[in-house]
Amino acid sequence: MKKVLGWILALACLAYLSATAWLYYSQRSLLYFPRPLVASPQGDGFDIQSQGLKRHGWVINPGQRQALLYLGGSGESVERDADFFRNTMPGVTVYLIPYRGYSGNPGSPTEAGLFADALTDYDYIAARHPIVDVMGRSLGTGIAVYVAVHRKVDRLVLTTPYDSIVNLGQDQYPYFPVRWLMKDKFESWRRAPQIAVNTLVLIASDDQVVPRANTDNLISHMKMPPEVVVIDHAAHNTIVEKAEYANAIRAFVSASP
């Protein structure tokens with residue numbers, strides 16, 4: 001009996017170690033969900049280079065003094081948001097630049113790479129517009145927070161933000177040492193105290209991807225209290241369909257910084 005139990009324990013340990021190894025080597029495929037470019041939106045196309053990678057993006061509502069850099073979610077094709085921004089904020093030039101590896105752009109996404117690209121994108125926009133707002137959704141909120149801490153941003157919009165990807169991952173895989181395994185941590189809560197800009201936080205009331213506790217933890221670390229809007233009857237992926245969502249963004253970006 002002891003021998004059988006020993007074999008069972010050994011097999012259980014092997015299975016656990018195999019699952020842990022699988023999580024480690026598969027983590028980026030579980031975090032990033034790039035999609036190919038289906039069709040280019042109506043807008044001015046342009047190329048921008050960062051770390052030797054030339055990415056393609058689009059400018060919506062060109063020629064305005066005020067601009068907005070939009071940073072999308074992990075599975076979002078930002079070029080599909082062109083009509084939303086064209087209709088929601090016609091007085092703001094919006095830059096939609098897919099991440100590396102997304103929508104036909106070269107490279108593979110990593111935290112460090114996305115951070116570097118976003119700073120390059122901001123610098124490109126700031127050289128052409130006196131007012132630059134930054135907006136992030138889901139995964140993109142971590143990148144938006146990083147930009148807001150390292151550059152002069154006029155307004156910051158965070159849609160369904162998290163405190164850190166590590167915390168989300170640990171909640172999803174509670175029996176694995178996610179905190180030790182994760183390469184791309186996106187720890188926004190550590191940077192939150194350094195945010196010194198007017199911020200709008202948009203929360204989906206029925207978010208099943210980012211628990212409210214994680215968003216509240218991020219907010220609790222902000223020294224400048226943000227404006228918080230909860231969109232009722234909205235889930236993580238449907239919040240953008242609500243009129244209240246567009247109205248809140250429109251009012252915020254139209255206000256004086």
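Nothing here was measured: the structure is a model prediction, and the numbers come from that model. (Residues numbered from 1 in each chain as written. Predicted model: local features only at pLDDT ≥ 70, side-chain atom pairs only at ≥ 80, totals over all residues. Heavy atoms only, no water.)

Novice: Please clarify how the side chain of Ser-164 should be interpreted in this entry.
Specialist: With respect to the helices and strands, the residue Ser-164 is situated in the loop between strand E6 (155-159) and helix H5 (165-172). Owing to a relative accessible area of 1%, Ser-164 belongs among the buried residues under this scheme. Those residues in contact with Ser-164 that lie beyond four places of it in its chain are Lys-185, Phe-186, Glu-187, Ser-188 and Trp-189. (Helix = DSSP H or I, 4+ residues; strand = E, 2+ residues; numbered from the N terminus. Buried < 20%, exposed > 50% of the residue type's maximum accessible area, 1.4 Å probe, protein only. Contact = heavy atoms within 4.5 Å.)

Novice: What's the story with the sheet that holds E6 in this structure? I'm lost.
Specialist: Within a sheet, adjacent strands bond to each other through the backbone by hydrogen bonds, running parallel or antiparallel. Strand order in the open sheet made by the eight strands is E1-E2-E4-E3-E5-E6-E7-E8, with mixed pairing throughout. Each having just a single partner strand, strand E1 (44-50) and strand E8 (227-231) make up the two edges of the open sheet. Recorded for the sheet is a direction-independent mean angle of 20° between the axes of neighbouring strands. Relative to strand E4 (residues 93-96), strand E2 (residues 53-60) runs antiparallel, the two sharing three bridges. Residue pairing across strands places Val-59 opposite Tyr-95, the latter belonging to E4. (Pairing = 2+ DSSP bridges. Axes fitted to C-alpha atoms, helices over the stretch in contact; angles between N-to-C directions.)

Novice: What is the right way to look at the packing of aromatic side chains in this model?
Specialist: All told, the structure shown has 11 aromatic pairs when counted by the stated rule. Ring plane angle 85° and centroid distance 5.0 Å describe the contact between Tyr-24 and Tyr-25, whose orientation is recorded as edge-to-face. Classification of Tyr-24 by relative accessible area gives partly exposed; the value is 31%. The exposure class assigned to Tyr-25 is exposed, which follows from its relative accessible area of 69%. Members of the aromatic cluster, joined through ring pairs, are Tyr-70, Phe-84, Phe-85 and Tyr-245. (Phe/Tyr/Trp six-rings, centres within 6.5 Å; stacked < 30°, edge-to-face > 60°.)

Novice: Quick question: what am I supposed to make of helix H9 (residues 243-254) here?
Specialist: Think of an α-helix as turning once every 3.6 residues; residues three or four places apart then point the same way. With 12 residues, H9 should reach 16 Å at 1.5 Å per residue; the first-to-last C-alpha distance of 17 Å fits that figure. Those residues of H9 that fall on the buried side of the exposure criterion are Tyr-245, Ala-246, Ala-248, Ile-249, Phe-252 and Val-253. On an axial view of H9, the arc spanned by its buried residues comes to 160°, and they lie on one face. Among the exposed residues of H9, those pointing more than 90 degrees away from its buried face are Ala-243, Ala-251 and Ser-254. Residues of H9 that are buried in the fold lie against strand E3 (66-71), helix H2 (82-88), strand E5 (131-137), E6, strand E7 (198-204) and E8. (Expected span 1.5 Å × (residues − 1). Arc of directions from axis to C-beta.)

Novice: So what exactly am I meant to see when it comes to the pairing of E6 here?
Specialist: When a strand is regular, its side chains alternate between the sheet's two faces. Within E6, five of the five residues are buried, which leaves the element mostly enclosed by the surrounding structure. Of the two faces of E6, the one holding Arg-155, Val-157 and Thr-159 and the one holding Leu-156 and Leu-158 are both buried throughout. Strand direction decides the pairing type here: E5 and E6, joined by five bridges, are parallel. Residue pairing across strands places Val-134 opposite Leu-156, the latter belonging to E6.

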